[in-house]
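Examination of the molecular architecture
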Amino acid sequence: MSGSAESTTAPLTTDERAELERLRSEVDALRARKPRRPVPWRGIGAGLLGVLGCLLVLVSLVTVWVHNQVANTDRFVATMSPLIREQSVRTAITDRLTDTVFTHVDVEALATRAVDALAQQGVPDQAVAPLRALTGPLESSVRGFVHDRIGDVVASPGTAELWDRVIRAGHARMHAVLSGEASNVVVSGGEVRLDLAPLVTEVKRQLVASGFTVAGRIPDVHPTIAVTEASTLERAQTTYTLLDRLATWLPWITVLVLAAAVYLARDRRRALVQTGIGIAVAMLVLAGALLVIRGVLVGSVPERSVAAAGDSYDTVVRFLRGGLRTLFAVGVVFALGAFLTGPSPIAVKLRQGLSGLIGWLRRGGARAGLRTGRVGPWVHTYRAALRGAAVGIAVLVFVLLDRPSGLTVLVIALVLVFCLGVIQFLDQPAAKQG
C-alpha cells in the first residue's frame, strides 16, 4: 500500500444534479432581483402637509383681511377713510358731482331763454346778437366756477369728517344685519322687511318741533317695507358666520399643519428651511395676484378714472399688502435661521467666523481688564435655557405686536441674533476664569 490515499467522489445522481441546478437558478434570481425600497410614507405625508400649510398661510391671510373689513367697523373705517383724502379720488368725485349738477341745470338753455326774453321786451338786435354769442362761453365759465366750488367742498376737512361718519354708520348697519343683531330687520312671509319705527319716531319729532303738535298723537307703530328675499339674507348671514369662524380658527389650524409637517419630516431642520421658503413663495404669489387684479381693474374703467381707480385699489388693499410683507419676512427669517444652524459648509463657516469674532472680542476685553466673574460660569451652565428664553421672548414680542410690519420682523430677528451673541460672549467655563 502507498503512504497517501486517493479520495474518490461518487458522481451526482440525476435527481441531485437537477436539485443543484434548481438551487443555482434561485440564487441567481435572488442576486439579480433588486431589493424593494419601502414607500416613504412619512416623508410623503410631511411634504403634503408642508404644501398644504403654505397654501393655508395664503388663505388665512386673505380670510382674516376680508373678515376685518366685513366684521370690524373700526378696521373698515381705517381702510376706507384715506380714500377721500386721495387727490385723484377727490378729482373723480368732483367731476362726477359737477356732471350731476349740469345734468339737471342747463345753463346754456337758461341763458338762451333769458336773451329771448330780452328780445321780446324790445331790446335792439345789435345788443341781443352779442348776448346770444355769449351763451356758450357763459355755460363753460359757469361750469368751471361750479367745478371749482365743488372741488373746494370735497377737499374741505368737513367733507372728510362727513365721509368717515357715513362709512362708519353704513358699515355698522351692514354688520348688524349680517350678524342678525339688527332689531329693525324682520323676516316675514319669505321676505326681509325693514322696520320703519325709528323713522316714524324721528318724523314725529321733526313735525312737533316745526309746530305741527298734533303729530305727537301718532302712536308707536311699526310699519315695514320689503327690501329683499329671506333666502338672500340667509345666504349672506351664513357666509358671514362661516367667514367669522374661519378667521378665528384657520390661522391656528395652519400653524398646527405646519408644525405637523416639520414633526413628521426625517430632517426637521431641512423641513424648517423648506417651510420658510414655502411661506415666502406663497406671499410672492399673492403679491403677483394683487398686481394682476389691479391691472384688470384699472383696465376696465374709463381713461379719466384710471388714476382714481388705481389709488383706490392701493388704499383698500394696503393692509393686505402689509400682512403679506410681514409673512414674507417671517418665512425668510425662518428659512435663514434653520439654514444657518444646520450642518452645511456655508453655515458652519459662518458660525465659525462669528465664534472667532466673539472670541477675539472676549480676548480683547480680557486684555483690557474686563472679567465676567461669576456671570461667565453661570451663563455656561444655563446657556441652553438662556438661548431658548431669548428665542421665546422674540416670538412673544412678535405675537403681541399689533400689525407688525416686515421691517419689525427683521428688527426682532437682528435683536435676537445680538442677544444670542451676547450669551455666547459671556459663556465661559469656570476653568477659564482668569
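Below is a short write-up of the structure. (Residues numbered from 1 in each chain as written. Predicted model: local features only at pLDDT ≥ 70, side-chain atom pairs only at ≥ 80, totals over all residues. Heavy atoms only, no water.)

A closer look at the overall build of the protein
Along the backbone of the protein there are 17 helices and three strands. Taking all 434 residues of the protein together, the buried fraction comes to 26%. Pairs at least 24 apart in sequence give 77% of the contacts found in the protein among residues at least 6 apart. Counting every atom, the protein has about 28,900 Å² of accessible surface; 66% of that belongs to carbon and sulfur. (Helix = DSSP H or I, 4+ residues; strand = E, 2+ residues; numbered from the N terminus. Buried < 20%, exposed > 50% of the residue type's maximum accessible area, 1.4 Å probe, protein only. Contact = heavy atoms within 4.5 Å. Areas by Shrake-Rupley, 256 points an atom, 1.4 Å probe, with all protein chains shown as cover.)

Notes on the nonpolar core
Core analysis: the largest hydrophobic core is formed by 14 residues, its most contacted members being Leu61, Met283, Leu286, Leu290, Leu320 and Leu324. Looking at this core, the elements that each hand over two or more residues are helix 2 (41-71), helix 11 (268-299) and helix 13 (318-340). The element best represented in this core is helix 11, accounting for five residues. What methionine 283 contacts, discounting residues up to four positions off in sequence, is Val57, Leu58, Leu61, Leu324, Leu327 and Phe328. Ile84, Ile150, Val154 and Ala160 belong to the second largest nonpolar core, which has five residues in total. (Core = buried A, V, L, I, M, F, W, Y, C linked by side-chain atoms within 4.5 Å.)

Here we look at a nonpolar patch on the surface
Taken together, the side chains of Leu336, Phe339, Leu340, Ile346 and Leu350 define a hydrophobic patch exposed on the protein surface, amounting to about 440 Å² of accessible area. Contributions of two or more residues to the nonpolar patch are made by helix 13 and helix 14 (345-367). A total of three residues in the nonpolar patch trace back to one element, the largest contributor, which is helix 13. Looking at where leucine 336 falls in the secondary structure, it is placed in helix 13. What makes leucine 336 partly exposed here is its relative accessible area of 46%. (Patch = residues over 30% accessible without salt bridge, like charges linked within 9 Å, V, L, I, M, F, W, Y side chains within 5 Å. Salt bridge = Lys/Arg side-chain N within 4 Å of Asp/Glu carboxyl O.)

Some words on unusual backbone geometry
Phi is positive for arginine 403, close to 50°, though the residue is something other than glycine. Of note, arginine 403 is situated in the loop between helix 16 (383-400) and helix 17 (406-426).

Some points on the packing of aromatic side chains
Inspection of every chain in the model, using the stated rule, returns one aromatic pair. Where tryptophan 378 meets tyrosine 382, the ring centres are 5.3 Å apart and the plane angle is 50°; that geometry is what we call tilted. When the ring centre of phenylalanine 319 is taken as origin, the NZ or CZ atom of arginine 318, which lies over that ring, is 4.5 Å away. (Phe/Tyr/Trp six-rings, centres within 6.5 Å; stacked < 30°, edge-to-face > 60°. Lys NZ or Arg CZ within 6 Å of the ring centre and 35° of its normal.)

As for the environment of glycine 331
With respect to the helices and strands, the residue glycine 331 is situated in helix 13. With a relative accessible area of 0%, glycine 331 lands in the buried category. The spacing of glycine 331 and glycine 278 is 53 residues in sequence and 7.4 Å in space, taken between C-alpha atoms. Among all residues touching glycine 331, those that are not within four sequence positions of it are Gly276, Ile277 and Ile279.

Side note on helix 17
Quick reminder: α-helices carry 3.6 residues per turn. Residues three or four places apart thus point the same way. End to end, helix 17 covers 31 Å across 21 residues, agreeing with the expected 30 Å (1.5 Å per residue, within 8%). Listing the buried residues of helix 17 in full gives Gly406, Val409, Ile412, Ala413, Gly421 and Ile423. Buried residues belonging to helix 17 abut helix 13, helix 14, helix 15 (375-381) and helix 16. (Expected span 1.5 Å × (residues − 1).)

Thoughts on the pattern of salt bridges
According to the stated counting rule, one finds two salt bridges in the structure shown. Residues arginine 294 and aspartate 314 are paired through a salt bridge, measuring 2.9 Å at the closest nitrogen-oxygen approach. Placement of arginine 294 in helix 11 and of aspartate 314 in helix 12 (residues 306-316) is noted, with a sequence separation of 20 residues between them. Across the pair aspartate 314 and arginine 321 runs a salt bridge whose closest N-O atoms are separated by 3.0 Å. Taking the relative accessible area as the measure of exposure, aspartate 314 reaches 24% and is therefore partly exposed. Because the salt bridges share partners, they merge into one network encompassing Arg294, Asp314 and Arg321.

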